[in-house]
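# Residue-level structural notes
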Amino acid sequence: MTDSWVNETLYPEWGQRFAVKRELARVKSDFQDIMIFESFTHGRVMLLDGVVQITERDEFVYQEMLTHVPLLAHGAAKRVLIIGAGDGGVLRRVLEHRNVEKAVMVEIDGEVIRLAKEFLPGIAGDAWNDKRAEVIVGDGIDYVRKAEAGSFDVVIVDSTDPIGVGEVLFTDEFYQNAARLLSANGLIVNQCGVPFMQADELRETSERRGKFFPDIWAYVAAVPTYVGGYMTLGWAAKAKGLRDVPAAEIRKRAEASGILGKTRYWTPEIHAGAFQLPPYIAENLPA
């Protein structure tokens, strides 16, 4: 890191850097180092432990795909559990669905929420004040351990990679409890890294999820600041067939939910196509 540039530290031998227009916050919380700065090209940017988490310019890609795909694949999700996602972007997209009755968000680091509200207010918009939202500063694995069986329809995990504070969200215990708290047609999605560089992450988490869910797969999103090509989003469903819903039906569901025509990346066709994986990605999934 220099006075005018921030170098991402995700990979030791390859990365990206941003010219810094203005540093806005640098905080060491109980869990991680948090930095927010204003860039020249991507708006405001948040890093956790030196790794880019979100930028104002391309956050819509990741947030829309992480949220709209599982909710519309399910088709009747009323209760949604969000683990992580302290910037509030997933919460905002979940609450855009008019059929959602309750969204519980559990973020372990209250500093992420505080700083996002102060410096990245456009990410969550008015979601923090929505009557359907319950925001908990706490441990996600502890929450799923105690949650009532069948109490949620969809679980969305927006965490860091499986190191440090995010590691417990990639364990057998977490996925076993996720399966228990999901309703009969429930499903869980989680970020599984960029497989061009992090194939082990996709392979190992898919094997773990496969112990507790009958349908294991992944889908992709092209997020510019997650360098290395496609980002994979892990998919685990209690019922088979949910990822095979035709685009025409997804379009009907999107219209009923109130999001059709309001997205910048997600479309019904992209939804359906995102499950069609290049062989170099598919080879890391259970046969």
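The coordinates are above.
Read on for an overview of the structure. No experiment lies behind these values; they were computed from the predicted model shown.

### Here's the deal with helix H7 (residues 195-209)
Counted at 1.5 Å a residue, the expected span for H7 with its 15 residues is 21 Å, but the 17 Å between its end C-alpha atoms falls short. Along its length, H7 reaches its greatest deviation from straightness, about 30 degrees, at Glu201. Burial in H7 covers these residues: Pro195, Gln198, Glu201, Leu202, Thr205, Ser206 and Arg209.

### Structural notes on the sheet that holds strand E2 (residues 17-28)
Strand order in the open sheet made by the five strands is E1-E2-E3-E4-E5, with antiparallel pairing throughout. Taken across any chain shown, the strands that pair with only one partner, and hence form the sheet edges, are strand E1 (5-7) and strand E5 (51-55). Between one strand axis and the next, the sheet turns by 40 degrees as a mean value, whatever way the strands run. Two elements, E1 and E2, share three bridges in a ladder whose sense is antiparallel. The residue bridging Asn7 from the neighbouring strand is Arg17, located in E2.

### Here's the deal with the packing of helix H1 (residues 59-74) against helix H8 (residues 247-257)
For any two helices packed against each other, one specifies the inter-axial angle together with the distance between the axes. One way to put it is that H1 packs onto H8 with a least axis distance of 9 Å and a crossing angle of 105 degrees. Taken together, the axes of H1 and H8 are roughly perpendicular relative to one another. Judged by residue contacts, Leu72, Ala73 and His74 of H1 engage Ile250, Arg253, Ala254 and Ser257 from H8.

### Examining the side chain of His271
Structurally, His271 is set in helix H9 (residues 268-273). In this structure the side chain of His271 is engaged in a polar contact, spanning 3.2 Å, whose partner is the side chain of Trp266.

### Some details on the pattern of salt bridges
This structure, assessed with the given rule, holds 19 salt bridges. Glu134 serves as the salt-bridge partner of Lys102, at 3.5 Å between the closest nitrogen and oxygen. Placement of the pair is Lys102 in strand E7 (residues 102-107) and Glu134 in strand E8 (residues 133-137), with a sequence separation of 32 residues. Linking Glu118 and Arg114 is a salt bridge whose minimum nitrogen-to-oxygen distance equals 3.6 Å. Of this pair, Glu118 and Arg114 both sit in helix H3 (residues 110-119), four residues apart, which is roughly one turn of the helix. Looking at Glu118, the relative accessible area reads 46%, which means it is partly exposed. Residues participating in the shared-partner salt-bridge network are Asp142, Arg145, Lys146 and Glu173.

### Overview of unusual backbone geometry
Non-glycine residue Asp49 carries a positive phi angle of around 50 degrees. On the secondary structure map, Asp49 appears in the loop between strand E4 (44-48) and E5. Owing to a relative accessible area of 42%, Asp49 belongs among the partly exposed residues under this scheme. Residues other than glycine seldom take positive phi values, yet Ala85 does so here, at roughly 60 degrees. Note on placement: Ala85 falls in the loop between strand E6 (79-84) and helix H2 (89-95).

### Considering the nonpolar core
Formed by 58 residues in total, the largest nonpolar core has its most connected members in Met65, Leu91, Val94, Ile156, Tyr219 and Trp235. For this core, the element with the most residues is H1, which contributes nine residues.

### Overview of the pairing of strand E11 (residues 215-221)
Within E11, seven of the seven residues are buried, which leaves the element mostly enclosed by the surrounding structure. The alternating pattern of E11 places Asp215, Trp217, Tyr219 and Ala221 and Ile216, Ala218 and Val220 on opposite faces, both of which are buried. Looking at chain direction, E11 and strand E12 (residues 231-237) are connected through seven bridges and run antiparallel. Paired with Val220 across the strands is Thr232, a residue of E12.

Cut-offs used in this document
Residues numbered from 1 in each chain as written. Predicted model: local features only at pLDDT ≥ 70, side-chain atom pairs only at ≥ 80, totals over all residues. Heavy atoms only, no water. Helix = DSSP H or I, 4+ residues; strand = E, 2+ residues; numbered from the N terminus. Expected span 1.5 Å × (residues − 1). Bend = angle between axes of the 7 residues up to and from the residue. Buried < 20%, exposed > 50% of the residue type's maximum accessible area, 1.4 Å probe, protein only. Pairing = 2+ DSSP bridges. Axes fitted to C-alpha atoms, helices over the stretch in contact; angles between N-to-C directions. Parallel < 35°, antiparallel > 145°, perpendicular 65-115°, else oblique. Contact = heavy atoms within 4.5 Å. Polar contact = N/O pair within 3.5 Å; in protein donor to acceptor, adjacent residues only side chain to side chain. Salt bridge = Lys/Arg side-chain N within 4 Å of Asp/Glu carboxyl O. Core = buried A, V, L, I, M, F, W, Y, C linked by side-chain atoms within 4.5 Å.

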